[in-house]
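Coordinates in review
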Amino acid sequence: MPLPLSHPALSAADPELADLVGAEERLQADTLRLIPSENYVSAAVLEATGTVLQNKYSEGYAGRRYYEGQQNIDRVETLAVERAKAVFGVEHANVQPYSGSPANLAAYLAFARPGDTVLGMSLPMGGHLTHGWGVSATGTWFHGVQYGVHADTGLIDFDQVRDLARKERPKIIFCGGTAVPRTIDFAAFGEIAREVDAVLVADIAHIAGLIAGGAHPSPVPHADVISTTTHKTLRGPRGAMLMSRATHAKALDKAVFPGLQGGPHNHTTAAIAVALHEAAAPAFRDYAHAVVANAKALAEALLARGFDLVSGGTDNHLVLIDLTGKDVPGKVAAKALDRAGIVVNYNTVPFDPRKPFDPSGIRIGTPSLTSRGLGTDLMPQVAEWIERGVTAAKADDEAALAAVRGEVAELMAHYPAPGLATA
Ligand SMILES: *Cc1c(COP(=O)(O)O)cnc(C)c1O
């Protein structure tokens, strides 16, 4: 494979750093990347992030800046905003949040005061740190109350969500998460939020691309605010957006700037605009549906090999494997799979008896491999590699891991990654 890519100025100015970038290019090309929050952006998105837009300061919003020289930047940001509104069907979009965590913090700033109660999914059950978990600023400055899933089905316990909402009267309810393999019932959350007069924030960071591509229901009819990263299934640069009806536009905009941030990252805004342009194309619908088809096929193949999956399978891009029955801790399995060229992360499973830094599960997903063009026919092969990796982890069999490593690299050479494919 003709890697590393050419970065002539970087190589001349800082060969040490250029070597590291080149090594990462090779790693991303050769390995099977199964981290569900990661992806491969297109060459166009990658180029947009490396433009002179990076040189500008633009505090404020299009047409209302605190700096001159915004003729082009205003148009870039307006393009991103208009495309976000069209792709997601919302009245308002703010494309300035630096990433998903600050986007969520802006929602707190807009709709709650320190000490107020917020209701979110518990981190070990699949929620995100910023949904009021204790070690996060959101759980320190606000009173976080947490819901979870049913032990038997692995599905969200809506009786618990309703009971907690009625008892605690949260200002904000968060739905969405980082390890939720099933469809989020936005309508059920919306009904509960309206009953207790809470602001419902749908955090669609993981599934934004599936929603944009019509492969997951949209929260738009049910949520007051939609928060998302742009770099996961949406396949854009590292960044975030907040979306809402027009009624909440002012509160959200004020919270992002000047509430929480200074100047927006204009090169990121540009790349978000490019990613949204790509997400509006018919091919992206195919991509989103292929991500889900691959995840379902992978889940089936893993079940056939005796793996225990949280909730018994998947509706989206993500599969959460409970390795308790295989008698291998998640971290041991994840590190062994990494040596076999299969990149996953160890993860807690609901009601995990083990500690968060040494949990029982691994979390995998199909956004990246789908971006490279792998289809459902190859998912049994992926499941077989995972089984061999987990078995080798238990047996401490480095030769078996090396054998998988070779097979993975050979297959991946036939599926060039977007952004890394050279002419
Ligand atoms: C990834 C993620 C975030 C945070 O995004 P960062 O960009 O890493 O700050 C927030 N919420 C959910 C549900 C996520 O999956």
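Worth saying up front: this structure is predicted, and the values here are computed from it rather than measured.

Quick notes on the UniProt feature "domain: Serine hydroxymethyltransferase-like" (unreviewed entry) in the protein
- Residues annotated by UniProt as "domain: Serine hydroxymethyltransferase-like" (unreviewed entry) correspond here to residues 10-386.
- Between the C-alpha atoms that bound residues 10-386 the distance is 37 Å, and the span itself is 42% helix and 15% strand.

Quick notes on the nonpolar core
- Phe 88, Tyr 147, Ile 173, Phe 189, Ile 204 and Met 241 are the most contacted members of the largest nonpolar core, which has 53 residues in total.
- Once residues lying within four places of it in the same chain are set aside, the contact partners of Phe 88 are Ile 204, Ala 208, Ile 211, Ala 212, Val 220, Leu 234, Met 241, Met 243 and Leu 276.
- Membership of the second largest hydrophobic core comes to 38 residues, among which are Ala 299, Leu 323, Leu 337 and Ile 342.

Structural notes on the site of the ligand
- Near the ligand, the surroundings consist of 13 residues, among which Ser 99, Gly 100, Ser 101, Asp 203 and Lys 232 are the closest.
- Ser 99 is positioned such that a nitrogen or oxygen atom in its side chain is 2.4 Å from an oxygen atom of the ligand.
- Within the backbone of Gly 100, a nitrogen or oxygen atom sits 2.9 Å from an oxygen atom of the ligand.
- Taking 380 Å² as the accessible area of the ligand by itself, protein coverage stands at 86%.
- Of all the elements, helix α5 (residues 100-111) adds the most residues to the shell around the ligand, at 3 residues.

Examining the packing of α5 against helix α10 (residues 249-260)
- Running from N to C, α5 and α10 point in directions that differ by 110 degrees, and their axes come no closer than 8 Å. Accordingly, the angle class assigned to the pair α5 and α10 is roughly perpendicular. Of the two elements, α5 crosses α10, and the hand of that crossing is right-handed. For the pair α5 and α10, contact is made by Pro 102, Leu 105, Ala 106, Leu 109, Ala 110 and Phe 111 and by Ala 251, Leu 252, Ala 255, Val 256, Gly 259 and Leu 260, respectively.
- Residues belonging to the contact of α5 with α10 are distributed by class as follows: 11 nonpolar, 1 polar and no charged.

Rules of the game
- Residues numbered from 1 in each chain as written.
- Predicted model: local features only at pLDDT ≥ 70, side-chain atom pairs only at ≥ 80, totals over all residues.
- Heavy atoms only, no water.
- UniProt positions renumbered as here; feature names shortened; annotations may be inferred.
- Helix = DSSP H or I, 4+ residues; strand = E, 2+ residues; numbered from the N terminus.
- Core = buried A, V, L, I, M, F, W, Y, C linked by side-chain atoms within 4.5 Å.
- Buried < 20%, exposed > 50% of the residue type's maximum accessible area, 1.4 Å probe, protein only.
- Contact = heavy atoms within 4.5 Å.
- Near = heavy atom within 4 Å.
- Polar contact = N/O pair within 3.5 Å; in protein donor to acceptor, adjacent residues only side chain to side chain.
- Areas by Shrake-Rupley, 256 points an atom, 1.4 Å probe, with all protein chains shown as cover.
- Axes fitted to C-alpha atoms, helices over the stretch in contact; angles between N-to-C directions.
- Parallel < 35°, antiparallel > 145°, perpendicular 65-115°, else oblique.
- Left-handed = near helix turned anticlockwise from the far one by under 90°.
- Nonpolar A, V, L, I, M, F, W, Y, C, P; charged D, E, K, R; others polar.

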